[in-house]
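# Coordinates in review
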There are 2 protein chains.
Amino acid sequence: MPRLAQENIANENRPLTLRDVSEASGVSEMTVSRVLRNRGDVSEATRTKVLEAAKSLGYVPNKIAGALASQRVNLVAVIIPSLGNLVFPEVMTGISEILDDTDLQPVVGVTHYKPEREEAVLYEMLSWRPSGVIIAGLEHTDASRAMLRAAGIPIVEIMDSDGEPVDAVVGISHRRAGREMAKAIVQAGYTRIGFLGTKMPLDHRARKRFEGFTEALAKEGLEIADQEFYEGGSALVKGREMTEAILTRTPDLDFLYYSNDMIGAGGLLYCLDKGIAVPGQIGLAGFNGLRLLDGLPKQLATMDACRAEIGREAARLIAAHAGDTSAGGERHVLTPKLQYGATLKRR
Amino acid sequence: MPRLAQENIANENRPLTLRDVSEASGVSEMTVSRVLRNRGDVSEATRTKVLEAAKSLGYVPNKIAGALASQRVNLVAVIIPSLGNLVFPEVMTGISEILDDTDLQPVVGVTHYKPEREEAVLYEMLSWRPSGVIIAGLEHTDASRAMLRAAGIPIVEIMDSDGEPVDAVVGISHRRAGREMAKAIVQAGYTRIGFLGTKMPLDHRARKRFEGFTEALAKEGLEIADQEFYEGGSALVKGREMTEAILTRTPDLDFLYYSNDMIGAGGLLYCLDKGIAVPGQIGLAGFNGLRLLDGLPKQLATMDACRAEIGREAARLIAAHAGDTSAGGERHVLTPKLQYGATLKRR
DNA sequence: TAGATGTCTGTTAGCGCTATCATGCACCAT
DNA sequence: ATGGTGCATGATAGCGCTAACAGACATCTA
């Protein structure tokens, strides 16, 4: 039985529908729909009438019904490991910057670096039938890859380029980033090199940097002299602690490579506290190019991960392919730039 | 005309529906729906059959259709000013922590501190008919407040408690935070006090802290001796620059109150660089209690804004009232704790 | 054995919108 | 007048799912 106007009056607190606006303005639901979506020809008089009615009622359209009827959803799923990492909010900023000029809307899902959570988040997101997916990394469970492939929408994997994407990819090569840092360190004359990083075995990008780093050192006939790993806690404090630990154990180290800028900054502060000459006695470098840390006593050597640009480019791809069944398999590899800062000698 | 099986075979790439699973497993759509939602009684044999069919097809349910039919959406809209601020990711973490144990899912919208963007984001979010809204601050446009009131779902305003909420509120009193900091500073014997903050007129919480701060000073017969504002750029660098500027202009200041920890940290690093004795010659304090900064040379005096706890409590309220038409107007005011650190003398 | 009860499955009718086609009407050229 | 051409609006039929009810059948009770 179709709902009658009488019932509407009876139940004051029922959420508003197109019909309410239609009745209030004296035109059909279809015409109201056209006005509210700015689609099709509607006379100026009707348009005004409808808009006024909608506004005075406080009508908010139901996108769920709209999406179901039109088979179009203006959401873009963005799946990242964490929001606490500073890196990811920056990627998000890049994404929003581009999507703000379209009618697309990012929706964020967080995996905490856990593949099974990624799978669950992806499933949840895809069940809303988004117009595209931006997902961090190239490593996913088989089930996740299958879902991505079967979704029939543009997929952009971001941050990393070392591996086989499902569809398009926008990122940097972390292997290469590790290699280049190694080369710069060796070239500067350092030989007793320590590595400090996270314990997370599932941070594939950190792992790849480490692999590239050791590989390039090996080519120069060098090996990592010592290493130290951490998990949890404040990165700045951990950076200090790890630096103290590694230098106590292996005092003759002349370079410390940190897997991220925050622990690098902790190490830098530790060295300065202890009166260790940086970069003379010990050189330091991190990774990410966090602008957040710009005001430290010395600028830490680092390598920019192109976070915002990656976000922008991924969003551009999604926007360009919105409505398509794929992002066209494009491959955008950005080149991270080494920033010497004041903690890595130039030669 | 209802879609026929034949058509399905013809069009290979069509997205899967319940009907496909139903046909593949030989039971009705309704039974498939029951299995996939774990609702109602289904025999073990049928359940297995259906799950296998769904899995082998790679079926992902369409929540849009499900939500429309059931009039239930498991999303919670979370509306915050920014993701770059560090404070908000922490709130998000608290929210997720609680919602992860429910079937609710947070969806984030970012306003960039702009009321008109808040209005737009809110409209967009409400059009998805979420089960609840968590929104930062108590200051909204009239239209936004009207939408919130009319939504007929639980609303929790967070971070701030100085004002009139639409429904429930979870936060701290920033006026009081400012007052307490002022009292502690005066009590420690400082008298020539400078204030450094953001230029943003729309950061109401920072404004309230400032107001509380000056008000409490006035009670002690004191006034702010000088002040300095900034916008944009790296907060650490800005903290240094502002500190230099204010101390050049007013060299006899003996305390600097920063409106956030990041610029406070910049100021601290500047003072240490210049050999200024902290907290002897000059005392320093910030606001937020960012754990991120724990490894600095000296621990900055600050006041914890209870971010994670606010997130958790807000999420708990939403979860408790999911399905209701309001969050019951509860009022949770948390008490920020002063942390003296090593930059504010104790008396 | 009739009826009551419980377990499982299916049928029907929407949810609130939009795509699509149909229609009414004014306006023009013929 | 005839029949095109626009333009503005309305009627109809779903989108893919679920609530609510309606069976079918087996098992139990008296």
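### Some points on the relation of the copies chain A and chain B
Both copies of the chain are related by a screw-like operation: a rotation about an axis and a shift along it. Once chain A is rotated about the relating axis by 180° and shifted along it by 0.0 Å, it coincides with chain B to within an RMSD of 0.0 Å. Here the two chains are linked by the operation of a two-fold rotation axis. Relative to the rotation axis, the closest C-alpha in chain A is found at A:Ile64, a distance of 2.8 Å. Here 100% of the contact residues of chain A are again contact residues in chain B; the copies associate through an equivalent surface.

### Description of the sheet that holds strand E9 (residues 283–285) of chain A
Residue and element names in this part refer to chain A. On the basis of which strands lie adjacent, the open sheet formed by four strands has the order E7-E6-E8-E9 and parallel pairing. In this open sheet, the two strands that pair with only one neighbour each are strand E7 (224–230) and E9. Each strand of the sheet is rotated relative to its neighbour by a mean of 15°, with strand direction disregarded. Strands strand E6 (193–198), E7 and strand E8 (255–258) of the sheet are contacted by helix H10 (residues 204–219), whose axis makes an angle of about 170° with E7.

### Examining the domain arrangement of chain A
Along its sequence, chain A is organised into domain 1 (5–61), domain 2 (73–173 + 307–336) and domain 3 (174–304). One C-alpha centre belongs to domain 1 of chain A, the other to domain 3 of chain A, and the line joining them spans 62 Å.

### Overview of the nonpolar core
Soluble globular proteins tend to pack their nonpolar side chains together in the buried interior. A:Val156, A:Ile158, A:Phe213, B:Ile158 and B:Phe213 are the most contacted members of the largest nonpolar core, which has 107 residues in total. Not counting residues up to four positions away in its chain, the partners in contact with B:Phe213 are B:Gly178, B:Arg179, B:Met181, B:Ala182, B:Ile185, B:Ile193, B:Phe195, B:Ile224 and B:Tyr257. Counting residues in hydrophobic clusters, the runner-up holds 52 residues, among them A:Met242, A:Ile263, B:Leu247 and B:Leu253.

### Considerations on the pairing of E7(A)
Residues and elements named next belong to chain A. Both E6 and E7 contribute to a ladder of six bridges, which runs parallel. Bridged to Ile-193 within E7 is Ile-224. Taking the sense of rotation as the criterion, the β-α-β connection linking E6, H10 and E7 turns out right-handed.

### Focus on the packing of helix H11 (residues 235–249) of chain A against helix H12 (residues 261–273) of chain A
Residues and elements named next belong to chain A. Orientation of H11 relative to H12, taken along the N-to-C sense of each, is 60°, at an axis distance of 7 Å. Between H11 and H12, the angle falls in the class oblique. Where H11 crosses over H12, the handedness of that crossing is right-handed. Packed against H11, whose contacting residues are Ala-235, Leu-236, Gly-239, Arg-240, Thr-243, Glu-244 and Leu-247, the element H12 presents Met-262, Ile-263, Ala-265, Gly-266, Gly-267, Leu-269, Tyr-270, Cys-271 and Asp-273 at the interface. Broken down by class, the residue content of the contact of H11 with H12 amounts to nine nonpolar, four polar and three charged.

### Thoughts on H10(A)
Residue and element names in this part refer to chain A. Between its first and last C-alpha atoms H10 spans 22 Å; for 16 residues at 1.5 Å apiece the expected length is 22 Å, and the two agree. Within the sequence span of H10, burial applies to His-204, Arg-205, Ala-206, Lys-208, Arg-209, Gly-212, Phe-213, Ala-216 and Leu-217. With its phi angle positive at about 75°, Gly-221 sits one or two positions after the end of H10.

### Quick notes on the packing of aromatic side chains
Here the structure, examined in full by the defined rule, presents 15 aromatic pairs over all chains. Centroid distance B:Phe210 to B:Phe229: 6.5 Å. Interplanar angle 75°. Geometry classified as edge-to-face. Taken together, the residues span a long stretch of sequence, with B:Phe210 in helix H10 (residues 204–219) and B:Phe229 in strand E7 (residues 224–230) at a distance of 19 residues. Classification of B:Phe229 by relative accessible area gives partly exposed; the value is 34%. Here a set of aromatic residues connected by ring pairs shows up, and it is made of A:Phe195, A:Phe210, A:Phe213, A:Phe229 and A:Tyr257. The ring of A:Tyr190 has A:Lys345 sitting right over it, with the charged end atom 4.7 Å from the ring centre. Geometry around B:Phe287 places B:Arg209 over its ring, the cationic atom sitting 3.9 Å from the centre.

### Thoughts on the pattern of salt bridges
Across all of its chains, the model carries 44 salt bridges over all chains by this definition. Taken together, the salt bridges that share partners define one network made up of A:Glu97, A:Glu309, A:Arg312, A:Glu313 and A:Arg316.

### Observations regarding the interface of chain A and chain B
In this complex, chain A contributes 40 residues to the contact, which on the side of chain B involves 40 residues. A buried area of about 4,000 Å², summed over both sides, lies between chain A and chain B, and 65% of it is on carbon and sulfur atoms. Contact with chain B buries surface across chain A, with A:Ile64, A:Trp128 and A:Arg129 losing the most and accounting together for 17% of the total. The interface formed by chain A and chain B includes four salt bridges. At the boundary of chain A with chain B, the tally comes to twelve residue pairs in polar contact (both at pLDDT 80 or more). The dominant element in the side of chain A that touches chain B, judged by the number of residues it contributes, is helix H5 (residues 63–70) of chain A, at five residues.

### Focus on the side chain of B:Asp261
Residues and elements named next belong to chain B. Within the secondary structure, Asp-261 sits in helix H12 (residues 261–273). No salt bridge is formed by the buried Asp-261, whose closest oppositely charged neighbour, Arg-307, lies at an N-O distance of 6.5 Å. For Asp-261, the side chain forms a polar contact with the main-chain nitrogen of Leu-290, separated by 2.9 Å. Excluding its chain neighbours within four sequence positions, the residues that come into contact with Asp-261 are Gly-286, Phe-287, Asn-288, Gly-289, Leu-290, Leu-293, Leu-300 and Thr-302.

### Overview of the sheet that holds strand E5 (residues 168–172) of chain A
All names here are of chain A. Taken together, the six strands give an open sheet; going across it, the order is E2-E1-E3-E4-E5-E11, and neighbouring strands pair in parallel fashion. Whereas interior strands pair on both sides, the edge strands pair on one side only; in this sheet they are strand E2 (105–110) and strand E11 (331–334). Sheet twist, expressed as the mean angle between neighbouring strand axes with direction ignored, is 15°. In this structure, E5 lies alongside E11, joined through four bridges in parallel fashion. Residue pairing in the sheet places Val-170 in a bridge with His-332 of E11. The strands touched by helix H13 (residues 307–321) are strand E1 (75–80), strand E3 (132–136), strand E4 (155–160), E5 and E11; relative to E5, the strand with the most contacts, the crossing angle is about 170°.

### Quick word on the pairing of strand E8 (residues 255–258) of chain B
Residues and elements named next belong to chain B. The two faces of E8 match: Phe-255 and Tyr-257 on one face and Leu-256 and Tyr-258 on the other face are all buried. Pairing between strand E6 (residues 193–198) and E8: four bridges, direction parallel. Note that in E8 the partner of Phe-195 across the bridge is Tyr-257. With three bridges joining them, E8 and strand E9 (residues 283–285) adopt parallel strand pairing. Following the sheet pairing, Phe-255 is matched in E9 by Gly-283.

### Description of the environment of A:Lys337
All names here are of chain A. Take Lys-337: it is sitting in the loop between E11 and strand E12 (338–339). Here the alpha-carbon distance between Lys-337 and Asp-304, two residues 33 residues apart in the chain, equals 5.7 Å. Residues contacting Lys-337, with those up to four places away along its chain left out, are Thr-302, Met-303 and Asp-304.

Cut-offs and rules
- Residues numbered from 1 in each chain as written.
- Chains lettered and ligands numbered in written order.
- Predicted model: local features only at pLDDT ≥ 70, side-chain atom pairs only at ≥ 80, totals over all residues.
- Heavy atoms only, no water.
- Least-squares fit on C-alpha atoms with pLDDT ≥ 70 in both.
- Contact = heavy atoms within 4.5 Å.
- Pairing = 2+ DSSP bridges.
- Helix = DSSP H or I, 4+ residues; strand = E, 2+ residues; numbered from the N terminus.
- Axes fitted to C-alpha atoms, helices over the stretch in contact; angles between N-to-C directions.
- Domains from an automatic or database assignment.
- Core = buried A, V, L, I, M, F, W, Y, C linked by side-chain atoms within 4.5 Å.
- Buried < 20%, exposed > 50% of the residue type's maximum accessible area, 1.4 Å probe, protein only.
- Right-handed = clockwise from strand over helix to strand, strands pointing away.
- Parallel < 35°, antiparallel > 145°, perpendicular 65-115°, else oblique.
- Left-handed = near helix turned anticlockwise from the far one by under 90°.
- Nonpolar A, V, L, I, M, F, W, Y, C, P; charged D, E, K, R; others polar.
- Expected span 1.5 Å × (residues − 1).
- Phe/Tyr/Trp six-rings, centres within 6.5 Å; stacked < 30°, edge-to-face > 60°.
- Lys NZ or Arg CZ within 6 Å of the ring centre and 35° of its normal.
- Salt bridge = Lys/Arg side-chain N within 4 Å of Asp/Glu carboxyl O.
- Buried area = accessible area lost by both parts, 1.4 Å probe.
- Polar contact = N/O pair within 3.5 Å; in protein donor to acceptor, adjacent residues only side chain to side chain.
- Lys, Arg positive; Asp, Glu negative; His and termini not counted.

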